[in-house]
Structures are given as C-alpha cells and as structure tokens.
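As a plain string of letters, each chain reads:
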Amino acid sequence: MGKMTMTPMERVMAAINGRDFDVFPAINPTSVAIAKSMEVSGVYFPSAHLNVIEMAELAAVGHDYFGFDSAAPYFSVHLEAAALGAQVDWNDAANTPVVTKKPMRRVDDFSLPPSFLHRSEFQKLLKAIGILKNKYKGKVPVIGKVVGPWTLAYNLYGVENLVLDTILEPEKTKELIRELSLVPLEFAKAQFDAGADMITWADHVTSDLVSASIYEEFLLPIHIKAAQTLQSRGPVILHICGNVMDRLDCIARTGFSLFHMDSRNNISAAVKQLSASITLTGCINNPVTLAQGTPATVREEVEANLKSGIRLISPECALPSSVPGENLKQLVETVHRFSPGKTPGSLLS
C-alpha cells in the first residue's frame with residue numbers, strides 16, 4: 001500500500017478537482033454489493049433493496065471491508081420505476097431485480113404524480129443516505145444515485161417502444177423525457193439534502209441501443225440542464241454502460257464532473273479526448289476480469305487503467321453477486337499502491 005495521509009473524502013475530492021492527493025482513489029459509483037458483502041454484513045437481497053437499515057449496512061461493507069473510498073446504498077436501477085407504478089420482482093441474493101409489468105402503454109401515457117418524493121421507495125433511500133452520512137461524518141464520501149429519464153423510460157415504457165417512438169412520435173418522446181427528467185432532478189436534490197456528497201446519474205443511452213444523434217437530440221439538453229442545476233451541490237457522475245466512443249463529444253458537453261466509463265471503450269483515447277472537460281472513472285471489466293478472473297488479472301487491469309490516465313478507479317458497472325471477494329479486495333489494494341508520482345508506468349513495487 002502507498003502512504004495514505006488523507007481521508008477518503010479528501011482523496012476523492014482532490015482527484016476530482018485536479019489537486020494533489022496521496023494515493024489513487026477507488027470509488028464505487030454503482031453497487032459493489034456481492035455475495036461476500038452479504039456474508040460480512042448478514043444483510044441479503046432482496047430485503048436490502050427496500051429496508052432502510054439493511055440498505056445502509058450493506059452499503060457500508062464497500063468501504064469498511066473492501067476499502068473503497070466511498071459508500072453507495074442504491075443497488076439497482078429499479079427504485080424509481082417501482083415508486084412510479086412498475087411491478088418489480090426484486091429477485092434474490094444471486095439475481096438482479098427485473099421489471100415484470102410496465103405501467104405505460106403509449107408514449108403519452110404518463111403523468112408525474114404530485115409529491116412523488118413522499119413515496120416510500122424514495123424516502124427509504126434518503127434515510128439510508130442519512131445513516132451513512134452520520135456514520136462517516138464527512139470522512140468518506142456517500143454516493144447517491146438517480147436513474148436518468150432515458151433509463152427510467154425504459155423501465156416504465158420499454159426499450160423497443162421508446163426507441164421506436166423516437167422515429168414515430170419524436171415530439172411526444174421528447175416531452176416524455178422532459179417530464180421524466182423532473183424525477184432524477186428532484187430526487188438528486190433530496191439526496192444532497194439528506195447527506196449525499198455526490199450523485200451518480202445513470203442513463204443507458206449506449207451505442208448498442210441508440211445512435212449518437214438520438215442522444216444529442218433527445219437527451220443531451222437534459223444532461224446539460226442537470227449539470228447546471230445540481231453541481232453547485234456536489235459532483236455528479238454520468239454513468240452510461242457500453243461503448244460510447246461515437247458520442248464522447250456529447251459527453252464532454254454535458255458539464256458533469258465525472259463520467260463513469262465501461263471497459264468496452266478505448267480508454268486511452270477517451271482520456272485524451274475528454275480529460276480537459278470531464279474526469280473519468282472506471283473501467284474495470286465486470287463479467288470477465290472481476291467475476292471470472294483472478295487477483296492477478298484484476299491487478300493487471302487496474303494497472304493498465306492507471307497507465308491510461310484514469311484517476312479514480314472503479315468497477316465499470318454494478319457488480320454481479322458472483323464476483324469473488326478476493327478480486328474486489330485486490331482492486332482496491334492495487335489502486336492504493338500507487339500515487340500520482342508513482343504510477344505503474346513509472347515504477348512497480
């Protein structure tokens with residue numbers, strides 16, 4: 001391990017803001033709750049998705065046991081959809097939740113309910129954030145999370161329906177996205193008020209689903225507004241799964257503080273293109289390196305990411321429960337071996 005002289009909060013904020021820091025941070029913008037996390041905490045899915053105390057306890061394992069420089073209590077992308085009328089099967093400890101029935105049948109078949117933040121699903125996450133904030137007392141950043149309007153529309157209306165209606169009903173689709181955007185905007189504000197130090201904004205507008213031009217036309221204005229609205233409160237991390245090389249220019253224009261990037265991208269090229277406008281975090285492969293690899297292969301990939309210029313290392317997305325605990329520990333331990341003056345490219349120890 002490198003010489004650690006800063007708190008996780010100091011380290012992470014310094015890395016985000018371009019200041020000097022002691023060792024590279026390892027953060028979790030999305031869930032790192034795995035089977036080992038449940039064993040350590042005695043808290044298991046599905047109840048941890050909706051039980052306030054269990055949510056906070058499971059989230060704390062990411063920092064307290066695995067050593068991440070952050071804690072994040074939102075473990076799926078389904079909370080908002082469930083609160084807004086989708087039927088969700090929260091599944092079990094080995095499987096992720098799924099939407100089993102969507103409440104929308106047409107693109108104009110949605111009306112945002114009044115006082116939606118008072119619904120229990122929203123309130124439970126806010127309370128879990130407050131518990132973690134009180135536990136860490138500003139020394140460990142608590143990362144909240146919201147599902148952006150594009151992903152929320154997938155969960156309420158369906159991927160195929162939404163993508164088709166960008167062609168058949170473009171103006172109605174834009175209006176739906178604008179209305180749905182009020183949910184993450186208000187939920188993010190409430191999470192900051194509850195004690196979140198930063199927020200992950202998850203919007204899965206990836207190249208395997210929609211074109212860069214659709215992103216630019218339908219969603220980029222929403223992202224720009226979100227960054228302008230929220231970032232006086234704290235950093236916001238844009239999360240998009242998959243290959244986004246054809247829309248990096250759009251991502252650079254969002255104004256978000258960070259972009260949480262998938263390993264399927266050309267990491268070195270993305271760093272060169274984006275480093276002047278947005279900080280990158282990622283990009284450790286989940287299904288292969290973390291779930292199926294060994295500590296040695298995890299170490300190699302972490303070092304490759306540091307060499308490429310990633311300042312905040314993280315898994316590329318929410319982890320499957322099957323990830324071995326030793327692989328997750330190796331990720332953090334490898335990251336913390338290096339400082340800006342001592343990287344894998346200059347000296348290995």
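The rules behind these values
Residues numbered from 1 in each chain as written. Predicted model: local features only at pLDDT ≥ 70, side-chain atom pairs only at ≥ 80, totals over all residues. Heavy atoms only, no water. Helix = DSSP H or I, 4+ residues; strand = E, 2+ residues; numbered from the N terminus. Rg over C-alpha atoms; globule rule 2.2 N^0.38 Å. Buried < 20%, exposed > 50% of the residue type's maximum accessible area, 1.4 Å probe, protein only. Contact = heavy atoms within 4.5 Å. Lys, Arg positive; Asp, Glu negative; His and termini not counted. Charge placed at Lys NZ, Arg CZ, Asp CG, Glu CD. Pairing = 2+ DSSP bridges. Right-handed = clockwise from strand over helix to strand, strands pointing away. Core = buried A, V, L, I, M, F, W, Y, C linked by side-chain atoms within 4.5 Å. Phe/Tyr/Trp six-rings, centres within 6.5 Å; stacked < 30°, edge-to-face > 60°. Lys NZ or Arg CZ within 6 Å of the ring centre and 35° of its normal. Axes fitted to C-alpha atoms, helices over the stretch in contact; angles between N-to-C directions. Parallel < 35°, antiparallel > 145°, perpendicular 65-115°, else oblique. Left-handed = near helix turned anticlockwise from the far one by under 90°. Nonpolar A, V, L, I, M, F, W, Y, C, P; charged D, E, K, R; others polar. Salt bridge = Lys/Arg side-chain N within 4 Å of Asp/Glu carboxyl O.

Further remarks concern the overall build of the protein. What the protein contains, in helices and strands, is 14 helices and eight strands. By the compact-globule yardstick of 20 Å for 349 residues, the protein fits well, its C-alpha radius of gyration being 19 Å. Of all 349 residues assigned to the protein, the portion counted as buried reaches 58%. If you take every contact in the protein between residues at least 6 apart in sequence, the share linking residues at least 24 apart comes to 71%. Taking the average location of the 32 positive side-chain charges in the protein and that of its 36 negative ones, the two points are 5 Å from each other.

A few words on the pairing of strand β4 (residues 198-202). Among the five residues of β4, five are classified as buried, and the element is accordingly described as predominantly covered. In terms of strand pairing, β4 meets strand β5 (residues 236-239) through four bridges, oriented parallel. When the sheet's bridge partners are listed, Ala202 is paired in β5 with His239. Following the backbone out of β4, through helix α9 (residues 212-230) and into the adjacent parallel β5, one traces a crossover that is right-handed.

Among the 11 residues in helix α14 (residues 325-335), eight count as buried, and that is most of the element. Taken together, the buried positions of α14 are occupied by Gly325, Asn327, Leu328, Gln330, Leu331, Val332, Thr334 and Val335.

Here we take up the nonpolar core. Grouped together as the largest cluster of nonpolar side chains are 123 residues, with contacts concentrated most on Trp150, Leu156, Trp201, Ile251, Phe259, Leu280 and Leu331. Setting aside its immediate chain neighbours within four residues, Phe259 contacts Leu238, Ile240, Val244, Ile251, Leu274, Ile278, Thr279, Leu280 and Thr281.

Here the focus is the side chain of Ser181. For Ser181, the location among the structural elements is in helix α8 (residues 170-194). When its relative accessible area of 4% is taken as the criterion, Ser181 is described as buried. Not counting chain neighbours up to four residues away, the residues in contact with Ser181 comprise Pro149 and Ile222.

This part takes up the packing of aromatic side chains. Inspection of every chain in the model, using the stated rule, returns eight aromatic pairs. Through a chain of ring-to-ring contacts, three or more aromatic side chains come together here, namely Phe116, Phe122 and Phe187. The ring of Tyr74 has Lys145 lying over it, and the distance from NZ or CZ to the ring centre is 4.9 Å. For Lys329, the ring lying beneath its charged end belongs to Tyr65, and the centroid distance is 4.2 Å.

Now for the packing of helix α3 (residues 52-64) against helix α5 (residues 120-136). Between α3 and α5, the least distance of the axes is 9 Å, while the angle of their chain directions is 45°. If you check the angle between α3 and α5, you find them oblique. Handedness of the crossing formed by α3 with α5: right-handed. Contacts between α3 and α5 involve Val52, Ile53, Met55, Ala56, Ala59, Ala60, His63 and Asp64 from the former and Lys124, Leu125, Lys127, Ala128, Ile131, Leu132, Lys135 and Tyr136 from the latter. Of the residues that constitute the contact of α3 with α5, the class distribution is 11 nonpolar, one polar and four charged.

Here the residue pair Phe45 and Pro46 is connected by a cis peptide bond, since its omega of 10° sits within 30 degrees of zero. Turning to its location among the elements, Pro46 is positioned in the loop between α2 (35-41) and α3. Cis geometry marks the peptide bond from Gly282 to Cys283, where omega comes out at -10°. Topologically, Cys283 is positioned in strand β7 (residues 279-284). One non-glycine residue, Asn91, lies in positive phi territory at about 65°. If you trace the backbone, Asn91 turns up in the loop between β1 (87-89) and β2 (98-101). With a phi angle near 50°, Lys137 is a residue other than glycine that sits in the positive phi range. Inspection of the secondary structure assignment puts Lys137 in the loop between α5 and β3 (143-147).

With that settled, consider the pattern of salt bridges. For the coordinates displayed, the defined rule picks out 16 salt bridges. Of the charged contacts, one joins Glu39 and Lys36 as a salt bridge, the two residues approaching to 3.2 Å between their closest N and O atoms. Taken together, the positions of Glu39 and Lys36, both in helix α2 and three residues apart, correspond to about one turn of that helix. For Glu39, a relative accessible area of 52% puts it in the exposed group. A residue is classified by how much of its surface remains accessible, and Lys36, at 25% relative accessible area, is partly exposed. Here Glu186 makes a salt bridge to Lys189, at a shortest N to O gap of 3.2 Å. Remark: Lys189 and Glu186 occur in helix α8; sequence separation between them is three residues, near one turn of the helix. With a relative accessible area of 30%, Glu186 lands in the partly exposed category. Note on Lys189: relative accessible area 27%, which makes it partly exposed. One continuous salt-bridge network, built from bridges that share partners, spans Arg11, Asp22 and Asp69.

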